[in-house]
Each structure stands twice: as C-alpha cells, then as structure tokens.
Amino acid sequence: MQVIDTIDAFRAARKGFPRLGLVPTMGFLHEGHLSLVRRAREECGAAAVSIFVNPTQFGANEDFSKYPRDMERDLALLREIKTDLVFTPTPAIVYPPGHSTGIEVGGVTTMLEGAVRPGHFRGVATVVCKLFNIVQPTKAYFGQKDAQQTVVLAKMVRDLDMPLEMIVCPTVREADGLAMSSRNVYLSPDERRAGTVLYRALNEADRRFKAGERSAEALRKAIRDVLATEPSGAIDYVSVADRNTLEELETVPADGALASLAVRFGKTRLLDNVVLGG
Ligand code: PAF
C-alpha cells in the first residue's frame, strides 16, 4: 500500500494501475467505508482511498476542527484489506493560496441538506471534482447513506461529462439498525440508543408503502409519528421525494421514492434514508 500526500507523486503512482476504483473519504473509517474499498478492488482490480477532511464543506459553526481523525488507525485498516493507493493531502495541497474556483451543481442542492447547510454541496462537489481530476478513477464509490450527496455528484458527473462511473452502495448499519457514520462517535450512550429511532421510522414508511400507501404526506406523517416516540430528537426535516430531482412528492409512484430525514440529538445530527420499495 502506497501512502502519498502530493498530487505529482499520486499521478506518478497512478500510472501503475490501468483500472482504479476510488473511495473518497474524510477518514475515521468504519465498515461502511471498508465495504466500498472491497467492492472497488473487486470491480476495478485496484482501489485508491482519499483521506481528506475537506474544510470547504463545513459551515462556520460546524464541526470541522472537532471532526474525528485517526490517520494511523485508518491506514492500518486500509492496509489490512489490501488497498493499493491512499491519498492524504493537506488543505494547502488541495487549496493552495489563490484557489478560487468552485463547482455549483444546480437544482438538487437547494433542498434537504442544502437548505440546512448552505454552501455544503459547493464544497463537496469542488473537492470531489478535484479528486476525480487527480486520481482519474475508472469508477468512484459512495454510500447511499448520504443520499443527496450521491444525487448531487451523479449530476455533476453527468453535466460535466466526467469520464468515470459512479457506483452507489447500500448503507451499512450497526446490528440495531443505526446507519454507520464517523460522527456516531459524538453520541452519548443515551443518544446512541435513541438514534435507532431513525431506521425504525423509515422502516415504518417502507412497510406502509409496501402495503399500498401512496400519499407522500401520509408517509411523512408516519415517519414523524415514530420519531416522536423519542422526544430527545429534534427533527431538521422529513422528506419523501423523487429519487432523481429530490422534489417533494404528493403521490409516490409505484417504483418508489427516497424517504430521508435528519434529526439532531444534542449537538449531533444524524441522517438516514431508505428507497421506498427498494
Ligand atoms: O462523504 C464524505 O465523506 C465527503 O463528503 C466526501 C465525499 C469525501 C467529500 O469530502
């Protein structure tokens, strides 16, 4: 496994791999990330992982400086699963003095996370575009857990004719259903227990959808009703939306919709989603 922190050295090492799968990460890796790396290796024959806590996707009052980091542990985990290349640039490498270009993806960035975190997706799209240019992956792998991020990045790839395939992989969950996330480490034991309500609420919507419910508002209400059983959670949003445009629906088509939510427990925001009927 080669660990590389400059763009020129990465480009030189990249030449050794005709096909390469990329898993972009912000580190503090968990099984969700590792499952993406395994799939990248299986499908492309070689896997690269970037570890970079991207400052431009954090708002002024968000957790950039506190975001969990453990490079030694991350590298040990990646070595164990035979990752080929790891790119670990500093912010000065990614954003040298004078850097002033950004990627604005239209339409699908204004709602949900985009409404709560203005500027977030500009930061995500810009850094992922740079990573794609540096790594030149055959395929890039992302988790369904950040559903809106996958929609935004797929649109960027399509709109800008980027020569790679984006692969979205299923959310990896703890045994009790909580979606794996690096930020779960912030939860107190009580918050950790309460956080399982997200998946229960989404499953209730899925159950009703499969039983024939097609009113999106009825499904949003079903989600809210289950969330209300854990009053320590403050709801940011509950959405039943078109899977591609992320517009809120009135009627859910037979082929499904994206049910997603964000709930705050103390200072920690938890996100989760399911594809209804998926
Ligand atoms: O999902 C993440 O960890 C980040 O948003 C990403 C895609 C690595 C960009 O910084």
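Each remark here, short or long, concerns the structure printed above.
Residues numbered from 1 in each chain as written. Predicted model: local features only at pLDDT ≥ 70, side-chain atom pairs only at ≥ 80, totals over all residues. Heavy atoms only, no water.

*Asks:* Is there a simple way to think about helix α3 (residues 71-80) in this case?
*Replies:* Residues spaced three or four apart along an α-helix point in a common direction, a consequence of the helix completing one turn every 3.6 residues. Those residues of α3 that sit buried are D74, L75 and L78. Considered in projection along α3, the buried side chains sweep an arc of 95 degrees and stay on one side of the axis. Exposed residues on α3 whose side chains face more than 90 degrees from its buried face are E72 and E80. Within two residues after α3, K82 carries a phi angle of roughly 60 degrees, on the positive side. (Buried < 20%, exposed > 50% of the residue type's maximum accessible area, 1.4 Å probe, protein only. Helix = DSSP H or I, 4+ residues; strand = E, 2+ residues; numbered from the N terminus. Arc of directions from axis to C-beta.)

*Asks:* Just checking my understanding: could you explain the layout of surface pockets for this structure?
*Replies:* Where empty space is left can be seen by rolling a probe of water-molecule size over the atoms. Taken as a whole, the second largest pocket spans an internal volume of roughly 270 Å³. Lining the second largest pocket are 13 residues; nearest its centre among them are Q144, T150, V151, R243 and N244. The biggest single contributor to the lining of the second largest pocket is helix α7 (residues 147-159), with 6 residues. Class assignment for the residues of the lining of the second largest pocket results in 7 nonpolar, 3 polar and 3 charged. (1 Å grid on protein atoms, 1.4 Å probe; cavity = no way out; pocket = protein on both sides within 12 Å on 5 of 7 lines; lining within 4 Å. Points joined across faces, edges and corners; volume = space filled by probe spheres on them. Nonpolar A, V, L, I, M, F, W, Y, C, P; charged D, E, K, R; others polar.)

*Asks:* How should the nonpolar core be read in this particular structure?
*Replies:* Soluble globular proteins tend to pack their nonpolar side chains together in the buried interior. If you look at the biggest cluster of nonpolar residues, it comprises 44 residues, and the most contacted ones within it are F10, L85, V128, F132 and M156. When contributions to this core are tallied by element, the ones reaching two or more residues are α1 (7-14), β4 (85-87), α6 (120-135), β5 (139-143), α7 and β8 (258-265). If we ignore the near neighbours within four places in the chain, the residues touching L85 are Q2, I4, F10, A13, R14, F17, L20, A47, A48 and V49. One finds L178, A201, I223 and L276 within the second-largest nonpolar core, a separate group that totals 26 residues. (Core = buried A, V, L, I, M, F, W, Y, C linked by side-chain atoms within 4.5 Å. Contact = heavy atoms within 4.5 Å.)

*Asks:* Would you take a moment to explain the site of the ligand for this structure?
*Replies:* Every residue lining the ligand is accounted for by P24, T25, M26, N54, Q57, V127, V128 and Q149. In this structure, an oxygen atom belonging to the ligand sits 2.6 Å away from a side-chain N or O atom of Q57. Of all the secondary-structure elements, those providing two or more residues to the shell around the ligand are β2 (21-25) and α6. (Near = heavy atom within 4 Å. Polar contact = N/O pair within 3.5 Å; in protein donor to acceptor, adjacent residues only side chain to side chain.)

*Asks:* Whenever I open this one, the pairing of β5 confuses me. Can you help?
*Replies:* Side-chain direction in a regular strand flips from residue to residue, so the side chains alternate between the two faces of the sheet. The buried fraction of β5 is high, at 4 of 5 residues. Looking at chain direction, β2 and β5 are connected through 2 bridges and run parallel. Looking at β5, one finds that G21 is bridged to K139. Pairing geometry for β5 and strand β6 (residues 165-169), over 5 bridges, is parallel. For G143, the partnering residue across the bridge sits in β6 and is C169. This β-α-β element, β5 to α7 to β6, shows right-handed connectivity. (Pairing = 2+ DSSP bridges. Right-handed = clockwise from strand over helix to strand, strands pointing away.)

*Asks:* What is the right way to look at the packing of α1 against α6 in this model?
*Replies:* Describing two packed helices takes the angle between their axes plus the distance from one axis to the other. α6 packs onto α1 with a crossing angle of 50 degrees between their chain directions and a minimal axis gap of 9 Å. Classified by the interaxial angle, the pair formed by α1 and α6 is oblique. Mapping the contact onto sequence places I7, F10, R11 and R14 in α1 and N133, I134 and V135 in α6. Each residue belonging to the contact of α1 with α6 can be placed in one class, and the counts come to 4 nonpolar, 1 polar and 2 charged. (Axes fitted to C-alpha atoms, helices over the stretch in contact; angles between N-to-C directions. Parallel < 35°, antiparallel > 145°, perpendicular 65-115°, else oblique.)

*Asks:* I keep staring at the sheet that holds strand β1 (residues 2-4) and nothing clicks. Help me out?
*Replies:* Across a sheet, strands are paired by hydrogen bonds formed along the backbone, either parallel or antiparallel in direction. Across the sheet, which stays open at both edges, the 6 strands sit in the order β1-β4-β3-β2-β5-β6 with parallel pairing between neighbours. Where the open sheet ends on each side, the last strands, each with one partner, are β1 and β6. Taken over all neighbouring pairs, the strand axes of this sheet differ in orientation by 25 degrees on average, direction set aside. Sheet topology places strand β3 (residues 47-51) next to β4; 3 bridges connect them, and they run parallel. Counterpart to A48 in the pairing with β4 is L85. Here α3 sits on the sheet in contact with β1, β3 and β4, set at roughly 170 degrees to β3. Relative to the sheet, α7 contacts β5 and β6, its axis offset from that of β6 by approximately 170 degrees.

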